[in-house]
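The residues making up each chain are set out below.
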Amino acid sequence: MTFGLQKCAKVEVIRGKLSRREDIILSDGQIINNLGEERRYRYLGVQQTYEIKQQENKREVEEQMITRVRKILSTQLSAKNKITAINTWAIPAFSYTAGILNWSKTDLERLDRRVRAIFTQHGMLHPNSAIERLYIQRSEGGRGLTSIEITDLKEKNNLKRYFGNETLPLHRLVSAMFDSRTPNAAERAEPETEELEEKWKRNWQTKPLHGRFYTSLHQPEVDMKSSNTYLTQGYLFPQTEGTFLAIQDQVVPTRVYIKHIMKQRVETTKCRLCNQEEESVQHLSSGCSAIAGTKYLSRHNNMGKVVHQLLGLKELLIKNFTPHHLYNPQALLENSDVKIYWDIPIATDQGVEHNRPDLVIWDKKKNEATIIDFAVPFDQNLMKAYKDKTSKYEALARQMKSMWRLQKVEIKPMIISCNGLVHRKTVQHIRELQLPINALCWMQKAVILGTVNIIRQVVYPH
Ligand SMILES: [Zn+2]
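Residues numbered from 1 in each chain as written. Predicted model: local features only at pLDDT ≥ 70, side-chain atom pairs only at ≥ 80, totals over all residues.

Chemist: I'd love a proper account of the overall build of the protein, names of residues and values included.
Modeler: Secondary structure summary: the protein contains 19 helices and 11 strands in total. The C-alpha atoms of the protein give 30 Å as radius of gyration, which overshoots the globular expectation for 462 residues (23 Å, by more than 25%). Structurally, the protein occupies a C-alpha span of about 105 × 60 × 45 Å along its principal axes. Classification of the 462 residues of the protein by burial places 35% in the buried group. Expressed as a percentage of contacts within the protein between residues at least 6 apart in sequence, the contacts between residues at least 24 apart total 64%. (Helix = DSSP H or I, 4+ residues; strand = E, 2+ residues; numbered from the N terminus. Rg over C-alpha atoms; globule rule 2.2 N^0.38 Å. Buried ≥ 20, exposed ≤ 12 C-beta atoms within 10 Å, placed from the backbone. Contact = placed C-beta atoms within 7 Å.)

Chemist: Which residues make up the pairing of strand S8 (residues 338-342), and what values do they have?
Modeler: Along any regular strand, the residues point their side chains to alternate faces of the sheet. Buried residues dominate S8, accounting for four of its five residues. In this sheet, S8 lies alongside strand S7 (residues 332-334) in antiparallel orientation, the contact comprising three bridges. The residue bridging Leu333 from the neighbouring strand is Ile340, located in S8. Between S7 and S8, which pair antiparallel in sequence order, lie three residues. (Pairing = 2+ DSSP bridges.)

Chemist: Provide a residue-level description of the sheet that holds strand S9 (residues 359-363), including the pertinent values.
Modeler: Strand order across the open sheet formed by five strands is S7-S8-S9-S10-S11, with mixed pairing between neighbours. Taken across any chain shown, the strands that pair with only one partner, and hence form the sheet edges, are S7 and strand S11 (408-415). Taken pair by pair, the neighbouring strands of this sheet meet at an average axis angle of 15°, ignoring direction. (Axes fitted to C-alpha atoms, helices over the stretch in contact; angles between N-to-C directions.)

Chemist: Outline the packing of helix H5 (residues 148-165) against helix H6 (residues 169-181), supporting the account with residue identities and numerical values.
Modeler: Viewed as axis vectors pointing N to C, H5 and H6 meet at an angle of 135°, and their least axial separation amounts to 8 Å. Taken together, the axis directions place H5 and H6 in an arrangement best described as oblique. As H5 packs across H6, the resulting crossing turns out to be left-handed. Here H5 contributes Lys160, Phe163 and Gly164 to the contact with H6, which in turn contributes His171, Val174, Ser175 and Phe178. (Parallel < 35°, antiparallel > 145°, perpendicular 65-115°, else oblique. Left-handed = near helix turned anticlockwise from the far one by under 90°.)

Chemist: Tell me about the packing of helix H12 (residues 238-248) against helix H19 (residues 438-459), and name the residues and values.
Modeler: The interhelical angle for the contact between H12 and H19, taken along N-to-C directions, is 80°, at an axis separation of 10 Å. Taken together, H12 and H19 sit at an angle that is classed as roughly perpendicular. Side by side, H12 and H19 meet where Thr240, Thr243, Phe244 and Ile247 of the first sit next to Ile448, Thr451, Val452, Ile455 and Arg456 of the second. Split by residue class, the contact of H12 with H19 holds five nonpolar, three polar and one charged. (Nonpolar A, V, L, I, M, F, W, Y, C, P; charged D, E, K, R; others polar.)

Chemist: Got a sec to walk through H6? Specific residues and values, please.
Modeler: The end-to-end C-alpha distance of H6, which contains 13 residues, comes to 19 Å, matching closely the 18 Å that a straight helix rising 1.5 Å per residue would cover. Among the 13 residues that make up H6, zero are buried, leaving the element largely open to the surroundings. (Expected span 1.5 Å × (residues − 1).)

Chemist: Run through the domain arrangement of the protein, naming residues and quoting values.
Modeler: Annotation of the protein at the domain level lists domain 1 (5-39), domain 2 (54-206) and domain 3 (294-459). Centre-to-centre separation of domain 1 and domain 2, based on C-alpha positions: 36 Å. (Domains from an automatic or database assignment.)

Chemist: Break down the nonpolar core for me, citing the residues and quoting the values.
Modeler: Ranked by size, the top nonpolar core spans 92 residues in total, and within it Val307 and Met443 carry the most contacts. Among the elements that make up this core, the one with the highest residue count is H19 (10 residues). Taken together, domain 2 (54-206) and domain 3 (294-459) each give at least three residues to this core, which thus spans both. Not counting residues up to four positions away in its chain, the partners in contact with Val307 are Leu359, Ile372, Met414, Leu435, Ala439 and Met443. (Core = buried A, V, L, I, M, F, W, Y, C linked by C-beta atoms within 7 Å.)

Chemist: With reference to specific residues and values, describe the pairing of S9.
Modeler: With respect to burial, S9 is a largely interior element, four of its five residues being buried. Sheet analysis places S8 next to S9, joined by five bridges and oriented antiparallel. In the sheet register, Lys339 faces S9, and the bridge partner there is Trp362. In this sheet, strand S10 (residues 368-375) lies alongside S9 in antiparallel orientation, the contact comprising five bridges. Each bridged residue has a counterpart across the sheet, and for Ile361 the counterpart in S10 is Thr370. Hairpin connection of S9 to S10: four residues between the antiparallel strands, including Asn367 at a positive phi of 60°.

Chemist: Give me the lowdown on H12, citing residues and values where you can.
Modeler: Within H12, 10 of the 11 residues are buried, which leaves it mostly tucked inside the rest of the structure. Within H12, burial applies to Pro238, Thr240, Glu241, Gly242, Thr243, Phe244, Leu245, Ala246, Ile247 and Gln248. Close packing links the buried residues of H12 with helix H2 (79-95), helix H4 (131-135), helix H9 (211-217), helix H14 (281-286) and H19. Looking at the residues trailing H12, positive phi occurs at Gln250, about 60°.

Chemist: Explain the environment of Trp362 residue by residue, including any values.
Modeler: For Trp362, the location among the structural elements is in strand S9. Taking the C-alpha atoms as reference, Trp362 lies 9.3 Å from Glu334; in sequence the two are 28 residues apart. Residues contacting Trp362, with those up to four places away along its chain left out, are Val338, Lys339 and Ala369.

Below, the structure written as C-alpha coordinates:
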(Lines give C-alpha, C1' and ligand atoms only; values in the text may rest on other atoms or scores of the structure.)
Protein backbone atom coordinates (compact mmCIF):
# COMPACT_ATOMS: atom_id res chain seq x y z
CA MET A 1 0.00 0.00 0.00
CA THR A 2 1.28 3.45 -0.90
CA PHE A 3 0.22 6.60 0.86
CA GLY A 4 -0.12 9.87 -1.01
CA LEU A 5 1.86 11.80 1.57
CA GLN A 6 1.23 15.17 -0.08
CA LYS A 7 -2.41 14.67 0.73
CA CYS A 8 -1.74 13.65 4.35
CA ALA A 9 -1.51 15.96 7.32
CA LYS A 10 -1.13 15.58 11.04
CA VAL A 11 -3.14 17.12 13.86
CA GLU A 12 -2.71 16.73 17.59
CA VAL A 13 -5.54 17.29 19.99
CA ILE A 14 -4.51 17.93 23.60
CA ARG A 15 -7.28 18.30 26.18
CA GLY A 16 -9.84 19.04 23.47
CA LYS A 17 -7.72 21.68 21.80
CA LEU A 18 -5.73 21.58 18.63
CA SER A 19 -2.09 22.04 19.35
CA ARG A 20 0.67 22.58 16.87
CA ARG A 21 3.91 20.66 17.21
CA GLU A 22 6.64 19.29 15.00
CA ASP A 23 5.97 17.71 11.60
CA ILE A 24 6.39 13.95 11.49
CA ILE A 25 9.59 12.75 9.84
CA LEU A 26 9.28 9.20 8.59
CA SER A 27 12.15 6.68 8.64
CA ASP A 28 12.76 7.14 4.91
CA GLY A 29 13.06 10.90 5.38
CA GLN A 30 9.66 11.83 3.99
CA ILE A 31 7.61 14.34 5.96
CA ILE A 32 3.98 14.49 7.02
CA ASN A 33 3.25 18.15 7.64
CA ASN A 34 1.06 19.64 10.27
CA LEU A 35 -2.36 20.64 9.04
CA GLY A 36 -2.11 24.13 7.53
CA GLU A 37 -3.17 27.43 9.03
CA GLU A 38 -6.85 26.79 8.31
CA ARG A 39 -6.59 23.86 10.77
CA ARG A 40 -9.14 21.70 9.08
CA TYR A 41 -9.49 19.38 6.12
CA ARG A 42 -12.27 18.63 3.69
CA TYR A 43 -13.72 15.15 3.69
CA LEU A 44 -16.59 14.45 1.28
CA GLY A 45 -17.45 18.11 1.07
CA VAL A 46 -17.40 18.79 4.82
CA GLN A 47 -14.68 20.75 6.59
CA GLN A 48 -13.63 18.95 9.73
CA THR A 49 -10.90 18.30 12.26
CA TYR A 50 -11.68 16.64 15.57
CA GLU A 51 -15.14 18.21 15.37
CA ILE A 52 -17.46 19.55 12.69
CA LYS A 53 -18.13 23.24 13.05
CA GLN A 54 -21.81 23.14 12.17
CA GLN A 55 -22.63 26.80 11.64
CA GLU A 56 -19.45 27.61 9.77
CA ASN A 57 -19.85 24.59 7.48
CA LYS A 58 -23.49 25.26 6.79
CA ARG A 59 -22.76 28.85 5.82
CA GLU A 60 -19.98 27.81 3.47
CA VAL A 61 -22.00 25.05 1.83
CA GLU A 62 -24.95 27.36 1.34
CA GLU A 63 -22.82 30.06 -0.27
CA GLN A 64 -21.02 27.57 -2.46
CA MET A 65 -24.28 26.15 -3.73
CA ILE A 66 -25.84 29.56 -4.32
CA THR A 67 -22.72 30.78 -6.16
CA ARG A 68 -22.94 27.78 -8.45
CA VAL A 69 -26.64 28.35 -9.14
CA ARG A 70 -25.92 31.97 -10.04
CA LYS A 71 -23.06 30.97 -12.34
CA ILE A 72 -25.24 28.46 -14.17
CA LEU A 73 -28.12 30.86 -14.59
CA SER A 74 -25.89 33.50 -16.16
CA THR A 75 -24.81 31.11 -18.95
CA GLN A 76 -26.51 30.79 -22.35
CA LEU A 77 -27.79 27.26 -21.72
CA SER A 78 -31.37 26.31 -22.62
CA ALA A 79 -34.07 26.02 -19.97
CA LYS A 80 -33.71 22.29 -19.42
CA ASN A 81 -29.90 22.29 -19.59
CA LYS A 82 -29.67 24.95 -16.90
CA ILE A 83 -31.76 22.84 -14.58
CA THR A 84 -29.74 19.72 -15.39
CA ALA A 85 -26.58 21.70 -14.61
CA ILE A 86 -27.99 22.81 -11.27
CA ASN A 87 -29.01 19.28 -10.36
CA THR A 88 -25.62 17.82 -11.21
CA TRP A 89 -23.25 20.57 -10.16
CA ALA A 90 -24.86 23.00 -7.70
CA ILE A 91 -27.07 20.71 -5.58
CA PRO A 92 -24.26 18.20 -4.82
CA ALA A 93 -22.42 20.98 -2.94
CA PHE A 94 -25.27 20.49 -0.51
CA SER A 95 -26.07 16.78 -0.87
CA TYR A 96 -22.69 15.61 0.49
CA THR A 97 -23.56 17.27 3.76
CA ALA A 98 -27.10 15.91 4.12
CA GLY A 99 -27.36 13.69 7.18
CA ILE A 100 -23.94 14.95 8.36
CA LEU A 101 -24.63 18.59 9.06
CA ASN A 102 -27.72 19.39 11.10
CA TRP A 103 -29.93 21.04 8.53
CA SER A 104 -33.22 22.05 10.09
CA LYS A 105 -36.47 22.20 8.18
CA THR A 106 -36.18 26.00 8.26
CA ASP A 107 -32.69 25.79 6.74
CA LEU A 108 -33.88 23.52 3.95
CA GLU A 109 -36.84 25.72 3.13
CA ARG A 110 -34.61 28.78 3.08
CA LEU A 111 -32.20 27.13 0.63
CA ASP A 112 -35.03 26.13 -1.73
CA ARG A 113 -36.45 29.64 -1.47
CA ARG A 114 -33.10 31.26 -2.26
CA VAL A 115 -32.72 29.13 -5.38
CA ARG A 116 -36.22 30.10 -6.50
CA ALA A 117 -35.49 33.78 -5.87
CA ILE A 118 -32.51 33.56 -8.24
CA PHE A 119 -34.74 31.89 -10.83
CA THR A 120 -37.14 34.80 -10.53
CA GLN A 121 -34.31 37.35 -10.85
CA HIS A 122 -33.34 35.67 -14.13
CA GLY A 123 -36.90 35.71 -15.46
CA MET A 124 -37.18 31.92 -15.32
CA LEU A 125 -39.88 31.76 -12.70
CA HIS A 126 -42.79 34.14 -12.41
CA PRO A 127 -43.15 35.04 -8.71
CA ASN A 128 -46.79 33.91 -8.70
CA SER A 129 -46.31 30.77 -10.76
CA ALA A 130 -46.90 27.31 -9.30
CA ILE A 131 -43.84 26.50 -7.19
CA GLU A 132 -44.73 22.80 -7.22
CA ARG A 133 -44.20 22.54 -10.96
CA LEU A 134 -40.54 23.50 -10.54
CA TYR A 135 -39.93 20.22 -8.70
CA ILE A 136 -42.19 17.89 -10.70
CA GLN A 137 -40.60 15.83 -13.47
CA ARG A 138 -40.64 17.32 -16.93
CA SER A 139 -42.49 14.32 -18.34
CA GLU A 140 -45.33 15.16 -15.96
CA GLY A 141 -45.59 18.86 -16.71
CA GLY A 142 -42.94 20.14 -14.31
CA ARG A 143 -39.41 21.46 -14.77
CA GLY A 144 -37.38 18.78 -13.03
CA LEU A 145 -35.41 20.84 -10.51
CA THR A 146 -34.11 18.85 -7.54
CA SER A 147 -35.34 20.32 -4.29
CA ILE A 148 -33.02 20.69 -1.33
CA GLU A 149 -35.67 19.33 1.01
CA ILE A 150 -36.01 16.12 -1.02
CA THR A 151 -32.25 15.78 -1.42
CA ASP A 152 -31.78 15.98 2.33
CA LEU A 153 -34.48 13.40 2.93
CA LYS A 154 -33.17 11.04 0.26
CA GLU A 155 -29.61 11.16 1.59
CA LYS A 156 -30.68 10.71 5.20
CA ASN A 157 -32.90 7.77 4.31
CA ASN A 158 -30.04 6.18 2.37
CA LEU A 159 -27.64 6.59 5.27
CA LYS A 160 -30.11 5.16 7.76
CA ARG A 161 -30.90 2.24 5.51
CA TYR A 162 -27.23 1.49 4.98
CA PHE A 163 -26.27 1.56 8.65
CA GLY A 164 -29.47 -0.21 9.67
CA ASN A 165 -28.67 -3.17 7.42
CA GLU A 166 -25.06 -3.62 8.52
CA THR A 167 -24.08 -5.63 11.59
CA LEU A 168 -20.62 -4.50 12.67
CA PRO A 169 -20.49 -2.73 16.07
CA LEU A 170 -19.46 0.51 14.38
CA HIS A 171 -22.50 0.38 12.11
CA ARG A 172 -24.77 -0.42 15.05
CA LEU A 173 -23.35 2.54 16.93
CA VAL A 174 -24.05 4.95 14.09
CA SER A 175 -27.49 3.47 13.64
CA ALA A 176 -28.29 4.03 17.31
CA MET A 177 -27.05 7.60 16.97
CA PHE A 178 -29.52 8.28 14.18
CA ASP A 179 -32.30 6.93 16.40
CA SER A 180 -31.22 9.00 19.39
CA ARG A 181 -31.51 12.19 17.33
CA THR A 182 -35.23 11.53 16.96
CA PRO A 183 -36.32 9.92 20.23
CA ASN A 184 -39.95 9.71 19.15
CA ALA A 185 -40.33 6.52 17.12
CA ALA A 186 -43.17 7.92 15.05
CA GLU A 187 -41.06 10.83 13.88
CA ARG A 188 -38.23 8.49 13.09
CA ALA A 189 -40.13 7.07 10.15
CA GLU A 190 -39.26 9.81 7.66
CA PRO A 191 -41.52 9.99 4.63
CA GLU A 192 -40.15 8.48 1.45
CA THR A 193 -39.22 10.92 -1.29
CA GLU A 194 -41.99 9.56 -3.53
CA GLU A 195 -44.53 10.70 -0.96
CA LEU A 196 -43.21 14.25 -1.13
CA GLU A 197 -43.29 14.17 -4.92
CA GLU A 198 -46.91 13.00 -4.83
CA LYS A 199 -47.68 15.80 -2.41
CA TRP A 200 -46.41 18.38 -4.89
CA LYS A 201 -48.68 16.98 -7.57
CA ARG A 202 -51.65 17.05 -5.22
CA ASN A 203 -50.91 20.65 -4.24
CA TRP A 204 -50.65 21.73 -7.86
CA GLN A 205 -53.91 19.97 -8.65
CA THR A 206 -55.86 21.55 -5.81
CA LYS A 207 -54.73 25.17 -6.22
CA PRO A 208 -57.66 27.24 -7.48
CA LEU A 209 -55.76 29.11 -10.20
CA HIS A 210 -52.73 26.92 -10.99
CA GLY A 211 -54.83 23.77 -10.76
CA ARG A 212 -56.81 24.71 -13.87
CA PHE A 213 -53.94 23.81 -16.15
CA TYR A 214 -53.38 20.57 -14.21
CA THR A 215 -56.98 19.64 -14.92
CA SER A 216 -56.65 20.55 -18.61
CA LEU A 217 -53.45 18.54 -18.92
CA HIS A 218 -55.21 15.50 -17.46
CA GLN A 219 -58.23 15.57 -19.77
CA PRO A 220 -58.77 12.12 -21.31
CA GLU A 221 -58.28 13.38 -24.90
CA VAL A 222 -54.88 14.92 -24.12
CA ASP A 223 -51.78 13.01 -25.17
CA MET A 224 -49.63 13.57 -22.10
CA LYS A 225 -46.30 12.60 -23.63
CA SER A 226 -46.61 14.84 -26.70
CA SER A 227 -48.10 17.67 -24.66
CA ASN A 228 -45.01 17.77 -22.44
CA THR A 229 -42.54 17.60 -25.34
CA TYR A 230 -41.48 21.24 -25.00
CA LEU A 231 -40.50 20.43 -21.41
CA THR A 232 -38.81 17.06 -21.98
CA GLN A 233 -36.88 18.41 -24.98
CA GLY A 234 -36.34 21.67 -23.11
CA TYR A 235 -35.42 23.72 -26.17
CA LEU A 236 -37.05 26.99 -25.05
CA PHE A 237 -35.02 29.94 -23.82
CA PRO A 238 -35.19 29.93 -20.01
CA GLN A 239 -37.15 33.20 -19.93
CA THR A 240 -39.56 31.94 -22.58
CA GLU A 241 -40.19 28.78 -20.58
CA GLY A 242 -40.80 30.94 -17.51
CA THR A 243 -43.26 33.17 -19.36
CA PHE A 244 -45.05 30.24 -20.98
CA LEU A 245 -45.58 28.51 -17.64
CA ALA A 246 -46.86 31.78 -16.18
CA ILE A 247 -49.40 31.86 -19.02
CA GLN A 248 -50.46 28.28 -18.26
CA ASP A 249 -50.62 29.12 -14.56
CA GLN A 250 -52.74 32.15 -15.46
CA VAL A 251 -50.66 34.60 -13.46
CA VAL A 252 -50.12 37.05 -16.31
CA PRO A 253 -51.11 40.64 -15.44
CA THR A 254 -54.21 40.90 -17.62
CA ARG A 255 -56.87 43.39 -16.54
CA VAL A 256 -58.95 40.63 -14.94
CA TYR A 257 -55.92 39.35 -13.04
CA ILE A 258 -54.93 42.83 -11.86
CA LYS A 259 -58.40 43.47 -10.52
CA HIS A 260 -59.44 40.13 -9.07
CA ILE A 261 -56.16 38.54 -8.01
CA MET A 262 -53.86 41.49 -7.38
CA LYS A 263 -56.84 43.44 -6.03
CA GLN A 264 -55.72 46.66 -7.67
CA ARG A 265 -57.88 49.35 -9.18
CA VAL A 266 -58.39 49.21 -12.93
CA GLU A 267 -60.78 51.36 -14.94
CA THR A 268 -62.18 48.40 -16.80
CA THR A 269 -61.62 44.66 -17.08
CA LYS A 270 -62.70 44.67 -20.73
CA CYS A 271 -60.09 43.58 -23.26
CA ARG A 272 -57.74 46.38 -24.38
CA LEU A 273 -57.84 45.03 -27.95
CA CYS A 274 -61.47 44.21 -28.72
CA ASN A 275 -63.09 46.11 -25.85
CA GLN A 276 -65.87 43.51 -25.80
CA GLU A 277 -64.97 40.60 -23.58
CA GLU A 278 -63.24 40.27 -20.23
CA GLU A 279 -59.48 40.47 -20.57
CA SER A 280 -58.40 37.13 -19.12
CA VAL A 281 -55.32 35.23 -20.21
CA GLN A 282 -57.51 32.64 -21.94
CA HIS A 283 -59.27 35.40 -23.85
CA LEU A 284 -55.96 36.86 -25.08
CA SER A 285 -54.50 33.42 -25.85
CA SER A 286 -57.25 32.26 -28.17
CA GLY A 287 -60.52 34.13 -27.79
CA CYS A 288 -60.00 37.73 -28.93
CA SER A 289 -61.77 38.72 -32.13
CA ALA A 290 -59.44 41.69 -32.67
CA ILE A 291 -56.42 39.47 -33.43
CA ALA A 292 -58.17 36.40 -34.87
CA GLY A 293 -57.32 37.36 -38.44
CA THR A 294 -53.71 38.30 -37.71
CA LYS A 295 -51.86 36.87 -34.73
CA TYR A 296 -53.99 33.75 -34.27
CA LEU A 297 -53.97 33.12 -38.01
CA SER A 298 -50.20 33.22 -38.29
CA ARG A 299 -49.81 30.92 -35.24
CA HIS A 300 -52.28 28.52 -36.86
CA ASN A 301 -50.51 28.72 -40.23
CA ASN A 302 -47.09 28.15 -38.67
CA MET A 303 -48.38 24.92 -37.19
CA GLY A 304 -49.86 23.87 -40.54
CA LYS A 305 -46.73 24.74 -42.51
CA VAL A 306 -44.78 22.14 -40.54
CA VAL A 307 -47.12 19.42 -41.75
CA HIS A 308 -47.17 20.78 -45.29
CA GLN A 309 -43.40 20.75 -45.64
CA LEU A 310 -43.00 17.28 -44.14
CA LEU A 311 -45.68 15.93 -46.48
CA GLY A 312 -43.98 17.58 -49.44
CA LEU A 313 -40.63 16.06 -48.49
CA LYS A 314 -42.16 12.64 -47.94
CA GLU A 315 -43.90 12.66 -51.33
CA LEU A 316 -40.72 13.99 -53.01
CA LEU A 317 -42.54 17.14 -54.05
CA ILE A 318 -39.97 19.25 -52.22
CA LYS A 319 -36.25 18.54 -52.42
CA ASN A 320 -34.70 20.49 -49.57
CA PHE A 321 -35.70 21.11 -46.00
CA THR A 322 -36.25 24.78 -45.11
CA PRO A 323 -36.23 25.89 -41.45
CA HIS A 324 -39.88 25.95 -40.43
CA HIS A 325 -40.04 29.67 -39.64
CA LEU A 326 -38.76 30.50 -43.16
CA TYR A 327 -40.93 28.02 -45.02
CA ASN A 328 -43.72 29.24 -47.32
CA PRO A 329 -46.02 26.59 -48.74
CA GLN A 330 -46.93 26.61 -52.40
CA ALA A 331 -50.67 26.61 -53.01
CA LEU A 332 -50.38 23.53 -55.20
CA LEU A 333 -47.81 20.74 -55.29
CA GLU A 334 -48.26 17.90 -57.74
CA ASN A 335 -46.59 14.92 -59.33
CA SER A 336 -47.95 11.80 -60.99
CA ASP A 337 -48.78 10.17 -57.62
CA VAL A 338 -50.13 12.90 -55.46
CA LYS A 339 -51.52 16.41 -55.37
CA ILE A 340 -51.37 18.66 -52.29
CA TYR A 341 -53.53 21.78 -51.94
CA TRP A 342 -52.66 24.44 -49.37
CA ASP A 343 -55.36 26.86 -48.33
CA ILE A 344 -57.20 27.04 -51.65
CA PRO A 345 -60.93 26.59 -52.27
CA ILE A 346 -61.97 23.25 -53.72
CA ALA A 347 -64.47 23.80 -56.54
CA THR A 348 -67.52 21.57 -56.22
CA ASP A 349 -70.60 20.99 -58.43
CA GLN A 350 -73.04 21.88 -55.70
CA GLY A 351 -71.44 24.66 -53.71
CA VAL A 352 -70.63 23.77 -50.10
CA GLU A 353 -70.36 26.29 -47.31
CA HIS A 354 -66.89 25.23 -46.16
CA ASN A 355 -64.72 24.42 -49.14
CA ARG A 356 -61.36 25.80 -48.08
CA PRO A 357 -59.61 23.47 -45.65
CA ASP A 358 -55.99 24.16 -44.75
CA LEU A 359 -54.66 21.09 -46.55
CA VAL A 360 -55.97 18.52 -49.00
CA ILE A 361 -53.98 15.50 -50.07
CA TRP A 362 -55.18 13.71 -53.15
CA ASP A 363 -53.51 10.32 -53.41
CA LYS A 364 -53.95 9.40 -57.07
CA LYS A 365 -52.53 5.89 -56.73
CA LYS A 366 -54.75 4.81 -53.86
CA ASN A 367 -57.56 6.88 -55.28
CA GLU A 368 -58.39 8.54 -51.98
CA ALA A 369 -58.10 11.95 -50.39
CA THR A 370 -57.49 13.45 -46.95
CA ILE A 371 -58.78 16.76 -45.70
CA ILE A 372 -56.61 18.28 -42.96
CA ASP A 373 -57.54 21.32 -40.93
CA PHE A 374 -55.65 22.83 -38.02
CA ALA A 375 -56.99 24.47 -34.89
CA VAL A 376 -55.52 26.12 -31.79
CA PRO A 377 -58.42 26.26 -29.30
CA PHE A 378 -58.63 26.86 -25.54
CA ASP A 379 -57.25 24.02 -23.45
CA GLN A 380 -60.75 22.92 -22.47
CA ASN A 381 -62.03 22.93 -26.05
CA LEU A 382 -59.85 20.24 -27.60
CA MET A 383 -62.70 17.78 -28.01
CA LYS A 384 -65.13 20.42 -29.26
CA ALA A 385 -62.63 21.74 -31.80
CA TYR A 386 -62.11 18.24 -33.15
CA LYS A 387 -65.83 17.62 -33.56
CA ASP A 388 -66.43 21.06 -35.09
CA LYS A 389 -63.73 20.53 -37.69
CA THR A 390 -65.03 17.08 -38.58
CA SER A 391 -68.61 18.19 -39.12
CA LYS A 392 -67.48 21.37 -40.89
CA TYR A 393 -65.95 19.41 -43.77
CA GLU A 394 -68.35 16.47 -44.03
CA ALA A 395 -70.26 18.06 -46.93
CA LEU A 396 -67.04 18.83 -48.77
CA ALA A 397 -65.77 15.29 -48.24
CA ARG A 398 -68.95 13.84 -49.74
CA GLN A 399 -68.75 16.13 -52.76
CA MET A 400 -65.08 15.38 -53.37
CA LYS A 401 -65.74 11.66 -53.20
CA SER A 402 -68.38 11.69 -55.89
CA MET A 403 -66.79 14.41 -58.03
CA TRP A 404 -63.29 12.92 -58.11
CA ARG A 405 -64.65 9.32 -57.99
CA LEU A 406 -62.60 8.41 -54.94
CA GLN A 407 -62.63 5.27 -52.79
CA LYS A 408 -62.77 7.36 -49.67
CA VAL A 409 -62.17 10.83 -48.26
CA GLU A 410 -60.95 11.14 -44.68
CA ILE A 411 -61.07 14.22 -42.47
CA LYS A 412 -58.14 14.55 -40.10
CA PRO A 413 -58.36 17.60 -37.85
CA MET A 414 -55.07 18.44 -36.12
CA ILE A 415 -55.64 20.12 -32.78
CA ILE A 416 -53.08 21.61 -30.38
CA SER A 417 -54.42 23.97 -27.71
CA CYS A 418 -52.99 27.47 -27.25
CA ASN A 419 -51.10 26.16 -24.19
CA GLY A 420 -49.55 23.33 -26.18
CA LEU A 421 -51.88 20.46 -25.25
CA VAL A 422 -51.84 17.88 -28.03
CA HIS A 423 -55.06 16.02 -28.85
CA ARG A 424 -54.60 12.23 -28.98
CA LYS A 425 -56.08 12.24 -32.47
CA THR A 426 -53.37 14.66 -33.65
CA VAL A 427 -50.75 12.10 -32.65
CA GLN A 428 -52.73 9.36 -34.36
CA HIS A 429 -53.14 11.35 -37.59
CA ILE A 430 -49.44 12.21 -37.76
CA ARG A 431 -48.71 8.47 -37.52
CA GLU A 432 -51.32 7.60 -40.16
CA LEU A 433 -49.74 10.12 -42.52
CA GLN A 434 -46.39 8.43 -41.81
CA LEU A 435 -44.75 11.73 -40.93
CA PRO A 436 -41.72 11.77 -38.62
CA ILE A 437 -42.80 11.94 -34.97
CA ASN A 438 -40.76 15.17 -34.70
CA ALA A 439 -43.60 16.76 -36.60
CA LEU A 440 -45.53 17.00 -33.33
CA CYS A 441 -42.62 18.69 -31.59
CA TRP A 442 -42.33 21.33 -34.33
CA MET A 443 -46.06 21.90 -34.53
CA GLN A 444 -46.22 22.38 -30.78
CA LYS A 445 -43.23 24.72 -30.87
CA ALA A 446 -44.98 26.88 -33.48
CA VAL A 447 -48.06 27.11 -31.26
CA ILE A 448 -46.13 27.83 -28.05
CA LEU A 449 -43.98 30.56 -29.58
CA GLY A 450 -47.13 32.02 -31.11
CA THR A 451 -48.92 32.16 -27.76
CA VAL A 452 -45.90 33.58 -25.91
CA ASN A 453 -45.47 36.28 -28.55
CA ILE A 454 -49.13 37.26 -28.42
CA ILE A 455 -49.11 37.60 -24.63
CA ARG A 456 -45.78 39.42 -24.62
CA GLN A 457 -46.91 41.91 -27.24
CA VAL A 458 -50.20 42.63 -25.54
CA VAL A 459 -49.38 42.48 -21.84
CA TYR A 460 -45.69 43.35 -21.73
CA PRO A 461 -45.44 45.67 -24.74
CA HIS A 462 -42.00 47.16 -24.01
ZN1 LIG B 1 -60.24 40.90 -26.90
